[in-house]
Amino acid sequence: MKIISYNRIINPSFLLINHELPPNTFLRPRLISASATSISSFNEKKKDLIMRLPCCFAMRAALSSSSLDSSSVKTDTYSGSRKEKRSSFYTHPSLLEMRNEKAANRERVYEFLRGIGIVPDELDGLELPVTVEVMRERVDFLHKLGLTIEDINNYPLILGCSVKKNMIPVLDYLGKLGVRKSTLTDFLRRYPQVLHASVVVDLAPVVKYLQGMDIKPNDIPRVVEKYPEVLGFKLEGTMSTSVAYLVGIGVARREIGGVLTRYPEILGMRVGRVIKPFVEYLEILGIPRLAVARLIEKHPHILGFGLKERVKPNVTSLLQFNVRETALPSVIAQYPEILGMDLKAKLPIQQEFLSSVIESTPEDFGRVVEKMPQIISLSKAPVVKHVDFLKGCGFSSEQVREMVVGCPQVLALNLDIMKQSFEYFKTTMARPLEELVAFPAFFTYGLESTIKPRHKRIAEKGLKCSLAWLLNCTDEKFNQRMSYDFIDMEEMEAGESSFDMNTLLEPRNDESASDYDDDYSEDDNL
């Protein structure tokens, strides 16, 4: 037994000695009683113990060092075995590796797109196919729909649509709805976003809303073809407010379907920015609100004329070309399309042309526009033919000018009918040409329906009257005149006919304006 160390002397009479035994043996430390006789013995051995103590520490250090070395060897051996085990199983790629692989795939897809002329700059952040083959399939499918590389570049986000999940379901729904194949390419060019839509969530509710607006089922596809953007509107947004405003100003509820069928763009117009300012401006010009509503029923497209860009400048141009401000409501009511023309360019040309044909003055041109604003759209050839006809009838240039200013319609009537009416006037009625100069509107009345029956009745009674007294009245009024014993001179001097604004304020009949004729073939559906 070897004495390794002293812990310390707890009591002068006891000595604690730690014995080092073999590793397999466990022995408690023993307290040895030290009597007076044994202390001397202990002191004798003290030198020997102190001399042996460094040697024991050296042996212990060597033992500890060898123990650490063996432990390190064991650890390395165990670690190596774990590494060998780990390398034998599947290892998941790191997040960085996954990002690098995704970027490489996207770059390959971008290279393919650049190679066929598509600019992929706007596609960053958009989920795209991983492989070039899938992207090629999408591009080929879009080509089959009639879209070109230019169309795709105009809306490159269309490449994010899956053929099976997005495109085919939407196209199938449009085909069942009645959208024609011949209009599909233009449809997609105008509104390619439809391919992102959900049939159930986005498209079907809009179609149901249109049906609720009294648009006929057969007209629904025409509305969608004309204005595909309507499929992207929210039901509680612009669509409902625009319709409600039109009904509020007097547009008949039963006419809404026809109005939307002819001009569905109304559904995308904001009331406060577009519709209301337009209506209020026409009221300022002198057109009653109800008359404006009637104009919208018959010509809904006038709401698309830009108020600041086109309507107001055109009104200014009319005033500059001698159209009287009081006549503006009549001009617009007769020919609403005049608000959407480029009058700044047209008016000078037509004024100069009319002056060269009938030697009219600028004031004459203003009166002509007031009575027949369509003169702005008449081409030169028909005007020349009508002027030549009147001169061939024996009227002088001055008389022709007076007739045109008094009734510009003589420049636009059917020439064959005018010839028949003039022949009857000359042979049967046997009146002087001056009466036609005074009342050129004679040519606007039906020969068989009005002129012949009335002339026959006054001839039977032996009455002498002017053409205006004879023709410028309703059948009911004419029958009253036939009961007179004499002719009222004031009625004989009846004023020239002009447009009556009250015709727009009369109650409408039950015939709906929603009947819409257009070339349409069910065989052409998708």
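Residues numbered from 1 in each chain as written. Predicted model: local features only at pLDDT ≥ 70, side-chain atom pairs only at ≥ 80, totals over all residues. Heavy atoms only, no water.

The name given to the protein in an unreviewed UniProt entry is Transcription termination factor MTERF4, chloroplastic, with Nicotiana tabacum as the source organism. Note on the protein: under the UniProt heading Subcellular location (unreviewed entry), the record states "Plastid, Chloroplast". In UniProt, the protein has this text filed under Sequence similarities (unreviewed entry): "Belongs to the mTERF family." (UniProt positions renumbered as here; feature names shortened; annotations may be inferred.)

Chemist: Please give an account of the overall build of the protein that cites residues and values.
Modeler: For the protein, the helix and strand inventory stands at 24 helices and three strands. Here the protein, with 526 residues, has 39% of them falling under the buried criterion. A sequence separation of at least 24 residues applies to 69% of the contacts in the protein between residues at least 6 apart. Of the roughly 30,500 Å² that the protein leaves accessible, carbon and sulfur atoms contribute 54%. (Helix = DSSP H or I, 4+ residues; strand = E, 2+ residues; numbered from the N terminus. Buried < 20%, exposed > 50% of the residue type's maximum accessible area, 1.4 Å probe, protein only. Contact = heavy atoms within 4.5 Å. Areas by Shrake-Rupley, 256 points an atom, 1.4 Å probe, with all protein chains shown as cover.)

Chemist: Which residues make up the packing of aromatic side chains, and what values go with them?
Modeler: Applying the stated criterion across every chain yields a total of six aromatic pairs. Plain terms: the ring middles of Phe321 and Phe365 are 6.5 Å apart, the flat faces sit at 70° to each other, and that makes the pair edge-to-face. Placement of the pair is Phe321 in the loop between α13 (307-320) and α14 (328-334) and Phe365 in helix α16 (residues 362-371), with a sequence separation of 44 residues. What makes Phe321 buried here is its relative accessible area of 14%. The exposure class assigned to Phe365 is buried, which follows from its relative accessible area of 0%. One aromatic cluster in this structure is built from Phe425, Phe442 and Phe443. (Phe/Tyr/Trp six-rings, centres within 6.5 Å; stacked < 30°, edge-to-face > 60°.)

Chemist: So, the pattern of salt bridges: which residues are in play, and what are the values?
Modeler: This structure, assessed with the given rule, holds 18 salt bridges. One salt bridge connects Arg253 with Asp214, and the closest N-O pair in it is separated by 3.4 Å. Here Arg253 is found in the loop between α9 (235-249) and α10 (256-262), whereas its partner Asp214 is found in the loop between α7 (199-212) and α8 (220-226), with 39 residues between them in sequence. Classification of Asp214 by relative accessible area gives partly exposed; the value is 42%. We note a salt bridge from Arg310 to Asp342, for which the minimum N-O separation is 3.6 Å. Residue Arg310 is located in helix α13, and its partner Asp342 is located in the loop between α14 and α15 (343-358); the two are separated by 32 residues in the primary sequence. Note on Asp342: relative accessible area 39%, which makes it partly exposed. Within the structure, one salt-bridge network assembled from shared partners comprises Arg324, Arg367 and Glu370. (Salt bridge = Lys/Arg side-chain N within 4 Å of Asp/Glu carboxyl O.)

Chemist: Account for unusual backbone geometry, with residues named and values stated.
Modeler: You will see that Asp214, though not glycine, has its phi angle at about 65°, which is positive. The backbone of Glu359 sits at a positive phi, close to 60°, despite the residue not being glycine. Among the secondary structure elements, Glu359 is positioned in the loop between α15 and α16. For Glu359, a relative accessible area of 58% corresponds to the exposed category.

Chemist: Residues and numbers for the packing of helix α5 (residues 163-177) against α7, please.
Modeler: At a minimum axis separation of 11 Å, α5 and α7 run at an interaxial angle of 20°. Judged by the angle between their axes, α5 and α7 are roughly parallel. Here α5 and α7 pass one another in a crossing that is right-handed. In this structure, α5 uses Pro169, Val170, Tyr173 and Leu177 to contact α7, whose residues at the interface are Val199, Leu203, Ala204 and Val207. The residue makeup of the contact of α5 with α7, split by class, is eight nonpolar, no polar and no charged. (Axes fitted to C-alpha atoms, helices over the stretch in contact; angles between N-to-C directions. Parallel < 35°, antiparallel > 145°, perpendicular 65-115°, else oblique. Left-handed = near helix turned anticlockwise from the far one by under 90°. Nonpolar A, V, L, I, M, F, W, Y, C, P; charged D, E, K, R; others polar.)

Chemist: Which residues make up the environment of Met482, and what are the values?
Modeler: Residue placement: Met482 occurs in helix α23 (residues 475-482). A relative accessible area of 6% places Met482 in the buried class. Linking Met482 and Arg454, residues 28 residues apart in sequence, is a C-alpha distance of 9.7 Å. Other than its neighbours up to four places away in sequence, Met482 contacts Arg457, Ile458, Lys461, Leu463 and Trp469.

Chemist: Quick rundown of the side chain of Thr450? Include the residues and the values.
Modeler: Checked against the element boundaries, Thr450 lands in helix α21 (residues 447-461). A polar atom in the side chain of Thr450 sits 3.4 Å from the side chain of Ser449. Among residues more than four places away in sequence, those in contact with Thr450 are Tyr445 and Leu471. (Polar contact = N/O pair within 3.5 Å; in protein donor to acceptor, adjacent residues only side chain to side chain.)

Chemist: So, the packing of α16 against helix α18 (residues 397-406): which residues are in play, and what are the values?
Modeler: In contact at an axis separation of 8 Å, α16 and α18 are set at 40° when each is read in the N-to-C sense. Compared by their axis directions, α16 and α18 come out oblique. Of α18, the residues touching α16 (which contributes Asp364, Arg367, Val368 and Lys371) are Arg401, Val404, Val405 and Gly406. Its residues placed into classes, the contact of α16 with α18 shows three nonpolar, one polar and four charged.

Chemist: Explain α13 to me, using residue names and the numbers behind them.
Modeler: Counted at 1.5 Å a residue, the expected span for α13 with its 14 residues is 20 Å, and the 18 Å between its end C-alpha atoms agrees. What α13 keeps buried is the set Leu307, Val311, Asn314, Val315, Ser317 and Leu318. Tucked into the core, α13 has its buried residues touching α11 (271-285), α14, α15 and α16. Among the residues trailing α13, Asn322 stands out with phi positive, at a value near 70°. (Expected span 1.5 Å × (residues − 1).)

Chemist: Can you break down the environment of Gly237 residue by residue, with the values?
Modeler: Examined against the element boundaries, Gly237 turns out to sit in helix α9. Using a relative accessible area of 27% as the deciding quantity, one classes Gly237 as partly exposed. A sequence separation of 30 residues divides Gly237 from Leu267, and the C-alpha atoms of the two residues are 9.5 Å apart.

Chemist: Explain α7 to me, and be specific about the residues and the numbers.
Modeler: Taking 1.5 Å as the rise per residue, α7 with 14 residues should run 20 Å; its terminal C-alpha atoms sit 18 Å apart, in good agreement. The set of residues buried in α7 consists of Leu203, Val206, Val207, Tyr209 and Leu210. Where α7 is buried, its residues meet α5, α8 and α9. Downstream of α7 by a residue or two, Asp214 has a phi angle that is positive, lying close to 65°.

Chemist: So what's going on with the confidence of the model for the protein? Residues and values would help.
Modeler: Averaged over all residues, the pLDDT of the protein is 81; the fraction at 70 or higher stands at 74%. Here residues 492-497 is a poorly scored stretch, pLDDT under 50, and it has nine contacts once near neighbours within four places are set aside; other chains count. (pLDDT = per-residue confidence, 0-100.)

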